[in-house]
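# Observations on the model geometry
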Amino acid sequence: MEKVVINGIENNDRMSTQALLQLIEEKLEEGYTDFEINACGQHDIGGSAWSRTEGKELNFYITNPGQRVGAMARKGTNIFVNGSTPADVGWLNSGANIVVKGDCGDTAGHCAASGKIYVSGRVGTRSGALMKHDPKFETPQFWILKNTGSFSFEFMGGGIAVVCGYDCAGLKSVLGKRSCVGMVGGIIYVRGNVADIAKTVSLKELDDEDKKFLKSGMKDFLTAIDKKGLADTLLDFSEWHKIEPLPTEEKVKKVSVREFRKTQWIEGGIFGDFIEDDMSIYPLAATGKGRLRQPVWNKELCVDCELCMKNCPNSAITKDDNKIYSSCDDKCIGCSICETVCPKAAWTMKNNQKEVD
Amino acid sequence: MTEVRINQLHKDDLPWIIEYDESKCIQCGKCTATCSFGAIKPAIEQRKKSCSIAEKNKLEKVIVIKQELGFDNHCRGCGMCERVCPNGAIKAVRNTDDRYSIRYRAQTGQSVKKGGRSNLNTEGRTLDKIKIGRISQMTDPSLDAVRHTFEIKTPFGRVLSADKLNFSVNGDKLECSSPLPPNRFIYPIIMGDMSIGAVSWRMWEAMAIATAYLNEVYGIPIRMCTGEGGIPVRLLKSKYVKYMILQIASGHFGWNRIIDAMPDMVEDPAGILIKIGQGAKPGDGGMLMANKVAKYVQEIRGVPKADLLSPPTHQGLYSIEESVQKMFLSMNAAFNFKVPVAIKVAASVTSVSVYNNLLRDPYNIVGGFFLDGLAAGTGAAHEISLNHTGHTITSKLRDCYKAAIKQGRQGEIPIFAGGGLGQTGSFAADAFKLICLGANGVFSGRLLLQIAGCVGNDTERCNACNTGLCPAGIASQDVCLTKRLDIDKVAENLVNYFIATDLELRKLMAPTGCSSLPIGRSDTLITVDKNVADRLDIQYVC
């Protein structure tokens, strides 16, 4: 079957997006698979379409499209845009091959889940945001010859993006500002300067697998955008890096407060020249020096009835052969039961609370 | 048997009654050992041994735990006894019939003193009647609180309006020929403002560590105010002083040491705060009871062991104009006009006059206006001041902000609001609402103690900070008690709290579509209270 040609505007009469998309749908029903669309800013061209002719893929040759070229496009769809496109190219791409010979507006490749998007120029802000990969489908790929705008690859969850950084001399970062915020999955290969990426991702060197992927992928990419001559320049791996999200445990790894005090804080503490503090911690109801009160025994009053010994909850009180009673500092918590049970007030509690000096 | 007379203090006169279950008690003594107030003691009681008539008078002695009945050692409800009891045999129970405040005054001839906040919550909190009701949906996009980046910073220091800047073009450069007053972009939360002495050395150092940690490890540019009791020279001479706002109050405590250390300082401090008044006890000066004036506190402050009552005013200042000319100028001069200088006053009916006057600021030396509301906390105050003096923060902040707007000068002298923030649970919500009403930032003290383990609350629990017997070792200078406090744990809890607060602030900024602080964005706020809506000029909803 021959190619369907649709002109988005004729004799100053512009087709609405609805009319154009419904015309495409009609032709698809009739079994057409090749479309030449000379658009006039109509949206969503090439999206959610499938071939009714067995064994034949859909081909869209588009000029001057509106937003969302190839939005929700399916596997078996090939989209060629001759020239630049506005926002949302390949939005929710679900398997199409999309080639843009020019620049793309904002949010190119947004939520792309499968298929390939090839761009021979620059892409706008938030491009590659929320790309994802469902393992039951082919990994989405998003190839960009030059650079992206700011906030690129926000919340990226999967897939592969390749930013070739061609014609980007003088740019501080080929990924714009605040790139990769919230990125949790996927890989970004990037050539050239990178700055201001999220702290939750890491910039790494390529390994052999990465190089292998780039070598074979680059050939297809450059062929598709008619730039085969750039292969040597772009395959100089010395300028490439990859970006991947940090594993969760690395994100939270921080020096502990205790470690901070011991290694970075002022040695000996800020009160060290006033107070000797070994930083030991007393429990509630402490023994020894941590007691709020401690018992004092008066030999003159003691009648050796042993009530204190018998009632001391911590068996802190003992007496020697000469009937000298004593309380063991390491056992006594200063509860004052000895004072209470003593019939002769031989035990009294001394306040052990002591202002720091 | 001892006689019981009606004038004697009885336990039902007291605010807390010890509930004790003898059948569960094993006389381990932990409760009496741990009580810092000495409010409970072992006692001997007699029990009838047998029910038989023949042995009618046979009694046996048992050890029990009894509540002490005295004004010095009554139970404050801190609950430490309940914590240590292995069997749940003892606890303090609130006495709703107490006559303590009457009995105390009647018997001692003294006014009631305490720490903490106002416990007379008759009016309810205005901030709790306000919700964040402007949610960005189709109008402008909401942001992602966790993953987007937010600029949570506010200026601390004098901001000059564009017409006061002499710009000139020099080649391809824009140059400003007029000198710029010092200004630092800091996190909108300032912590501390509690003096060495009011809190224990461990508590104070933990706050300083937490501040440094949040800055150095998390990059949250939070600042801490020293309070009026000076600053340890070791901290002053360290690089961490750049996170500290040095306070000067009417007592000028510790400033001779600061002046002495100046040549050895490696960093400028974050700022200076001239404290004129505080929200908890407006019109009063600081009050540190002698039992907390430990030796090192005496040294830093240059005073003997005595009740330290700071004068209610800086004695050299007699008017607003003089404050600006004299105090601001001196404090600016102290660090060669490189460090922003702010002032702190208790919110008052007169606050707008003060703020308006400061706004004239002919020398560009007024770097901030701290307004402290009546729900603020303190280490010691007369209850009459705590409960009956002061001004709510919300409307007064709003008044000041609107006074500046009227002159087109909002933001020129940043306003920081405080007093009772986080009182009902969410510090971030309170902070956000005050910021939307016009605050550049907020400050918090009392809450930090609760984060550290203070069990006191605003319904008469504990609040014994003035006694120096703080069972948590926070508001004490006693070795036994202070060493109950784990400095690392406290610092860690403070750090965690502010990390959580930072996230929660973003959780409020994100749905309102603000990636930077929404200072004065009162359009985000709504209230179901018509009076609040009218007074604050925010949207009434129902």
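For the structure, check the block above.
The text that follows walks through the structure, step by step, so that each part is easy to find.

Scoring rules and cut-offs
- Residues numbered from 1 in each chain as written.
- Chains lettered and ligands numbered in written order.
- Predicted model: local features only at pLDDT ≥ 70, side-chain atom pairs only at ≥ 80, totals over all residues.
- Heavy atoms only, no water.
- Helix = DSSP H or I, 4+ residues; strand = E, 2+ residues; numbered from the N terminus.
- Rg over C-alpha atoms; globule rule 2.2 N^0.38 Å.
- Buried < 20%, exposed > 50% of the residue type's maximum accessible area, 1.4 Å probe, protein only.
- Contact = heavy atoms within 4.5 Å.
- Lys, Arg positive; Asp, Glu negative; His and termini not counted.
- Charge placed at Lys NZ, Arg CZ, Asp CG, Glu CD.
- Expected span 1.5 Å × (residues − 1).
- Salt bridge = Lys/Arg side-chain N within 4 Å of Asp/Glu carboxyl O.
- Buried area = accessible area lost by both parts, 1.4 Å probe.
- 1 Å grid on protein atoms, 1.4 Å probe; cavity = no way out; pocket = protein on both sides within 12 Å on 5 of 7 lines; lining within 4 Å.
- Points joined across faces, edges and corners; volume = space filled by probe spheres on them.
- Nonpolar A, V, L, I, M, F, W, Y, C, P; charged D, E, K, R; others polar.

Across its full length, chain B carries 16 helices and 23 strands. Relative to the 2.2 N^0.38 estimate, which gives 24 Å for 542 residues, the radius of gyration of chain B is 26 Å and therefore close to what a compact globule would have. Looking at the 542 residues of chain B, the share that counts as buried comes to 58%. Here the contacts in chain B between residues at least 6 apart in sequence split such that 76% fall between residues at least 24 apart. A distance of 3 Å separates the average location of the 65 positive side-chain charges in chain B from that of its 53 negative side-chain charges.

On to helix H11 (residues 393–406) of chain B, then. Residues and elements named next belong to chain B. The terminal C-alpha atoms of H11, which comprises 14 residues, lie 20 Å apart, in line with the 20 Å expected from a rise of 1.5 Å per residue. When you tally the buried positions in H11, you get eleven out of 14 residues, the bulk of the element. Restricting attention to buried positions, one finds in H11 the residues Ile393, Thr394, Ser395, Lys396, Leu397, Arg398, Asp399, Cys400, Tyr401, Ala403 and Ala404. Buried residues along H11 sit against helix H9 (351–360), strand E18 (369–372), strand E20 (415–418), helix H12 (427–436) and helix H16 (530–536). Of the residues one or two after H11, Gly408 is the one with positive phi, at around 65°.

It is worth spelling out the pattern of salt bridges at this point. In a structure, side chains of opposite charge can pair up when their charged atoms sit close to one another. What the rule picks out here adds up to 57 salt bridges over all chains. Its salt-bridge partner being B:Arg202, residue A:Asp277 comes within 2.6 Å of it at the nearest N-O pair. Of this pair, A:Asp277 sits in the loop between helix H5 (257–263) and strand E14 (293–297) while B:Arg202 sits in helix H4 (residues 201–216), which puts the two residues in different chains. Two residues, B:Glu412 and B:Arg158, come together in a salt bridge whose shortest N-O distance is 3.4 Å. Separated by 254 residues along the polypeptide, B:Glu412 in the loop between H11 and E20 and B:Arg158 in the loop between strand E7 (154–157) and strand E8 (167–170) bring together distant segments of the chain. On the accessibility criterion, B:Glu412 (6% relative accessible area) is buried. A relative accessible area of 3% means that B:Arg158 is categorised as buried. Residues joined by salt bridges that share partners form a network here, namely A:Lys204, A:Asp207, A:Asp210, A:Lys242 and A:Glu244.

A few words on the interface of chain B and chain A. Opposite the 66 residues of chain B that make contact, chain A presents 54 residues. When chain B packs against chain A, the two sides together hide about 5,100 Å² of surface, and 65% of this comes from carbon and sulfur. The largest per-residue losses of area from chain B upon contact with chain A belong to B:Arg234, B:Cys480 and B:Lys483, which jointly make up 14% of the total buried on that side. Linking chain B to chain A there are four salt bridges.

So, about empty space enclosed by the protein. All names here are of chain B. Taken as a whole, this structure holds nine cavities of 30 Å³ or more when the rule is applied. For the largest cavity, the calculated volume is near 550 Å³. In terms of lining residues, the largest cavity is bounded by 38 residues, among which Asp193, Met194, Gln278, Gly377 and Thr378 are the most central. At the level of secondary structure, the elements contributing two or more residues to the lining of the largest cavity comprise strand E15 (287–288), strand E19 (378–382), strand E21 (441–444) and helix H13 (446–452). When its residues are assigned to classes, the lining of the largest cavity shows 14 nonpolar, 15 polar and nine charged.

By themselves, these figures tell us nothing about what the structure is for.
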